[in-house]
Every structure is written in C-alpha cells, then in structure tokens.
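Chain and residue survey
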Amino acid sequence: MSSIPHDHVAGHGHDAHDHRPSGIMRWVTTTNHKDIGTLYLWFSFTMFLVGGVMALTIRAELFQPGLQVVHPEFFNQLTSLHGLIMVFGAIMPAAVGFANWMIPLLIGAPDMAFARMNNWSFWLLPPAAILLITSLFVPGGSVSAGWTMYPPLTIEAGMGMDLVIFAVHIMGASSIMGSINIITTILNLRAPGMTLMKMPLFCWTWLITAYLLIAVMPVLAGAVTMLLTDRHFGTSFFNAAGGGDPVLFQHIFWFFGHPEVYIIILPAFGIISEILPVYSRKPLFGYASMVYAVAGIAILSFIVWAHHMFTVGMPTAGLLFYMYATMLIAVPTGVKVFNWLATMWKGSITFETPMLFALGFLFLFTMGGFTGLVCAIMPVDIQIHDTYYVVAHFHYVMVAGSLFAFFGGVYHWIPKWTGTMYSEKIGQWHFWLSLVFFNVAFFPQHFLGLAGMPRRIPDYATQFTDWNMVSSIGAFGFGLSQLVFLWAVIKCVRGDGEKAPAKPWEGATTLEWTLPSPVPYHTFETPPVVK
Ligand code: CU
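Residues numbered from 1 in each chain as written. Predicted model: local features only at pLDDT ≥ 70, side-chain atom pairs only at ≥ 80, totals over all residues. Heavy atoms only, no water.

Once that is clear, we can look at the pattern of salt bridges. Under the counting rule described, the total for this entry stands at 4 salt bridges. Across the pair Arg455 and Asp386 runs a salt bridge whose closest N-O atoms are separated by 3.9 Å. Placement of Arg455 in the loop between helix H16 (424-450) and helix H17 (465-493) and of Asp386 in the loop between helix H14 (378-384) and helix H15 (388-418) is noted, with a sequence separation of 69 residues between them. Assessed through its relative accessible area of 16%, Arg455 is described here as buried. (Salt bridge = Lys/Arg side-chain N within 4 Å of Asp/Glu carboxyl O. Helix = DSSP H or I, 4+ residues; strand = E, 2+ residues; numbered from the N terminus. Buried < 20%, exposed > 50% of the residue type's maximum accessible area, 1.4 Å probe, protein only.)

Quick look at the packing of H15 against H17 now. As a packed pair, H15 and H17 sit with axes 10 Å apart at the nearest point and diverge in direction by 15°. Between H15 and H17, the angle is such that the two are roughly parallel. In this structure, the crossing between H15 and H17 has a hand that is left-handed. Here Val399, Leu403, Phe404, Phe407, Val410, Tyr411, Ile414 and Thr418 of H15 come into contact with H17, specifically with Phe478, Gln482, Phe485, Ala488, Val489, Cys492 and Val493. A per-class count over the contact of H15 with H17 returns 13 nonpolar, 2 polar and no charged. (Axes fitted to C-alpha atoms, helices over the stretch in contact; angles between N-to-C directions. Parallel < 35°, antiparallel > 145°, perpendicular 65-115°, else oblique. Left-handed = near helix turned anticlockwise from the far one by under 90°. Contact = heavy atoms within 4.5 Å. Nonpolar A, V, L, I, M, F, W, Y, C, P; charged D, E, K, R; others polar.)

Confidence in the prediction for the protein averages 90 pLDDT; 92% of positions are at 70 or higher. Of all helices and strands in the protein, the one with the weakest mean pLDDT is helix H6 (residues 153-156) (91), whereas H16 scores best (98). Counting interchain partners and residues more than four positions distant, the pLDDT-below-50 stretch residues 1-16 has 26 contacts. (pLDDT = per-residue confidence, 0-100.)

To continue, consider the packing of aromatic side chains. Across all of its chains, the model carries 49 aromatic pairs by this definition. Centroid distance Tyr411 to Phe485: 5.8 Å. Interplanar angle 70°. Geometry classified as edge-to-face. One end of the pair, Tyr411, is in helix H15; the other, Phe485, is in helix H17, with 74 residues separating them in the sequence. Just as Tyr411 is buried, Phe485 falls in that class too. Between Arg26 and the ring centre of Trp27, over which it is positioned, the NZ or CZ distance is 4.3 Å. (Phe/Tyr/Trp six-rings, centres within 6.5 Å; stacked < 30°, edge-to-face > 60°. Lys NZ or Arg CZ within 6 Å of the ring centre and 35° of its normal.)

On the protein side, the copper ion has His258 (ND1), His307 (NE2) and His308 (NE2) as donor atoms, found 1.7 to 2.0 Å from it. A residue is classified by how much of its surface remains accessible, and His258, at 5% relative accessible area, is buried. On the basis of relative accessible area, His307 is assigned to the buried category, the value being 13%. (Donors = N, O, S within 2.8 Å, 3.2 Å for Na, K, Ca; no water.)

On to a nonpolar patch on the surface. A surface patch of nonpolar side chains, amounting to about 270 Å² of accessible area, comprises Ile24, Met25 and Val28. With respect to the element layout, Val28 can be found in helix H1 (residues 24-29). (Patch = residues over 30% accessible without salt bridge, like charges linked within 9 Å, V, L, I, M, F, W, Y side chains within 5 Å. Areas by Shrake-Rupley, 256 points an atom, 1.4 Å probe, with all protein chains shown as cover.)

Looking at the secondary structure, you find Pro379 in helix H14. According to the relative accessible area criterion, Pro379 is partly exposed, its value standing at 48%. Along the backbone, Pro379 and Pro192 are 187 residues apart, and their C-alpha atoms lie at a distance of 53 Å.

Moving on: the environment of Ile182. Its location among the elements puts Ile182 in helix H7 (residues 160-188). The spacing of Ile182 and Ser80 is 102 residues in sequence and 30 Å in space, taken between C-alpha atoms. Excluding anything up to four places from it in sequence, Ile182 contacts Ala99, Ile103, Met112, Trp206 and Ala210.

Turning next to the side chain of Thr326. Along the chain, the position of Thr326 falls in helix H11 (residues 316-328). Side chain to side chain, Thr326 and His307 meet in a polar contact 2.8 Å long. Setting aside residues no more than four positions away along its own chain, Thr326 makes contact with Val304, His307 and Ala376. (Polar contact = N/O pair within 3.5 Å; in protein donor to acceptor, adjacent residues only side chain to side chain.)

The next subject is the packing of helix H4 (residues 115-123) against H7. One way to put it is that H4 packs onto H7 with a least axis distance of 8 Å and a crossing angle of 150°. Judged on the interaxial angle alone, H7 and H4 are roughly antiparallel. By crossing handedness, the relation of H4 to H7 is classed as left-handed. Two secondary-structure elements touch here, H4 through Met117, Asn118, Trp120 and Ser121 and H7 through Ser174, Met177, Gly178, Ile180 and Asn181. Partitioned by chemical class, the residues of the contact of H4 with H7 number 4 nonpolar, 5 polar and no charged.

If you want it as structure tokens, here you go:
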C-alpha cells in the first residue's frame, strides 16, 4: 500500500494540492481509476457509434433486395468489422470502464492495484481501434468472413486481415492487463471487514470475468497467430491443401468465443444485481447462490464451445454432449433470474430510468436465453445454423442484455460520477425509444431466420422483403435513440441539471446508494487512510 505514491490517490478532494498535468496530458498520463474509467467509457461509446454506423449501413443495404448501397465485398467486411468493433471496442471496454470507476469505491480501495499499468491498458485500445477501422481501406480490404474470422477465407484475405490480427493481439494484451489489475485489486486491496462474501455482487462478477479473460484471450491470440503464419510463413494449420484442417480453427476460436459470451454478460449481471435492490428497496435475494451461479456459468462456459459448430460433421456423441452441456447452463442462469425476481417480490418498487433498463434487461435477456435454448437443440440448430434466427438470438443477449445493463449502470451511477442528476425525462425517453425500436429491429429477424434467410449476405430472395424493411426501420430508430442518451450524459457532464445529493437513491433502510448486497461493513465515499 505504501508503494502507491500520494498523487496517485487523486480525485478524492486533494485537487488543490495536486500538481498533476492539465488539459490533454492529464488524460494521457493519468493513473487515477476514475479518470481511466471515464476514458474507457467514452472510448466505448465512440466505438459504439462507429460500430453502429456500420450496422446502419448493413441495414440500409438490406432494406430491399437489389439495393447496392455498398459493394457486396465491402458489405461482408462491414458485418465482420461491426462484430469485432462492438465486441472488443464497445462492450468489453465499457465493462472495464465500470470496473475502474466502481470496484475501488465498492471495496474501499484507494485506487486500482497497478495504477500505471491501468493507464497502459487503456491507451493500447485507441491504436487497436485505428487498426481495425483502417483495415477496411487498405489494398485487398479487411476480413470478410464474419467476426469469427474463419479460414480458408481469412487465409486468402487482403492485407487488412493482418491489421485485424495485430489489433486482436493488442486488445488481448489490454484485456489481460486489465484483468490482472482487477483480480489483484479485489484480492489485495479490500478494506478491513470486507470479506469476499460481503463484496458487492458487481465485484464478484468482475472477479470471475477477469479469470475467464486470462484463460481464453491467449487462446484467441494463438488462433490468430496460426492464421498469420498460415498466411505468410508457409504453415498449414488450417489449410487443407497442406494437410491442415479449417475446422481446427473453429474449435480453437470457439474455445475462446463461448467464454467470451460470458465475459460480455457477467459484468452486466453484476450491474443488474446492484440496480434491482436499490429501486425495490430490498437487499438482493440469495446473495451466496448468485455468487455460485456466476461461478457455475463460468465453469460450464468452457465445455460447450462446439455448439457453434453443430454443422461441421461431428460424431453423434459429440453433438449430444455439447447439446446437453449447453442446456445445463440454463440452470445457474435460472437461479439468477429467479433471485432477481425474488429481490423485487413485495418490494417497494419505483421506476426511475436505471430500474426501467434493468427490467428491460430482465425481460429481453430472458427471451434471448430462451432462443439460446432453441439454438442449443442440435437437430433444430442444424436447420437454423447461419440464419437470421441466430442473429436475432445473440442481439437479444448482447444488445438487450449487456447494452441495456450498461445504460442502466450509467444512469444509476452518473450522479456519483458527475455530481449532477441526469434528467429523468430524457432518461425515460431514451429507455422507451430504445425498447420499442430494439424490438422492431430484432424481433422480425426471428421470423426471417425461421423462414430460412441466411446471415452475412447483401441480397436475398424477395419473400424476405417485408420483415427486412421493418427491421431496418427499427435499426435506424434504435441508432437515433442513442443520441438521446448522449444528450442525457452531456447534460450531466456539463453540470446542467439538479445537483446530485450525497445519496441520490434513498433506500428504505440503511442501504448505501451504491448498494452492495448484503449491506457491507461500510461503503466508502473516500478511501480510508491505510498506514
Ligand atoms: Cu456459445
């Protein structure tokens, strides 16, 4: 503890004595967890807009069959980059931003354990984002095989593919450093009395997520490195002509890719578990079972990867194993949904914006979970593999899941972050517009998929036109609705609004406004002085 220099504990009212740089250099050199959390969140929102513009270009192209808004080859690259940018640029950095802001506050730590590495973890991301975006515009273009980068297409792809591989390496390094920081902070810097089983659930979900990241990011790095050597150094890991096997890539990729799904959703679970108790005015129901459920989901996530590859020609025993293992995940997930409902049961519920997003999450994520079960049924999946049904499924999980939880988290904590209350009116508009347009955009994709419309194609048979039009209208509505969110956030940042009280969310009991559940020893507005 004493090794943390004093000015690295800035941001807790020492500003007058601080000699930290100002202007842009403040952000480049900052080692303060709050500053770095802010950087992560703004970076994530920027990437969300970049990936969103790509999504809207995709939806414009798909508005009607026969349109040529973009070249078909470029369309394929857009679907790939949309996925990569949303997963690695928008969702994951947002979760790390929440971790940076809230974990030290929730466990009573003065800052993250490795404050300077924290700065480096963030500043690796902008160059990676630039590599991803410029990959679209170099000779030969970028990856056009989806965000999963399946060979053999990616062995033959243009130079942009090399930029994508480099970007994946950089983002992986950033994630691993972030994870080491989070694990060390949680295990070593908790305030006296804050035992692991007293930690707010958000810290638990991130602790487990960080272990998942450390376990699977190197696997992805290995996969893309083998891809790189296949491309340039004469190896044939995935090249059948040289004795390799393209299916091997799918196995390695999804050994990373399925746990990645939980890397994306577990921090969102944590945020929901912080929000629901506050606006229900009851402690979280079944705290310990929540921790075990998260751990159970994480462990199971390692043994289900081949459910993404039911059509590659696996032995029946393999198909059955992956089907049943996948269905097993519904058990701990059910425990969590039950506990969230039980938390609200007979609570004194109010419906401020964070609660609305949490309820939206609960309903829509559960629906995404159910369509996940549909996809897990192997004979069904063989029919709907690579159709829009799967696209609908994972957008319910990732957009209505992670994204709604993050929106809820921002509204819940932004009074704390900026000192200004958000406008409830703007927040409610943002929620209802997002809820309606999200469903208009993605619900029809279930019908399209069941009717047989394949994903990742710029044109389609005419019978799919109607629902595609509806979906495109919904997507543009959803995209524009996010400007309402930007407006709400900018108002808070500029201090344009009611001044936030010390505890903006009054609980019925002694609940602190960050509401760790169960109510801990104490929640720290300012960190205790540790000698
Ligand atoms: Cu999976």
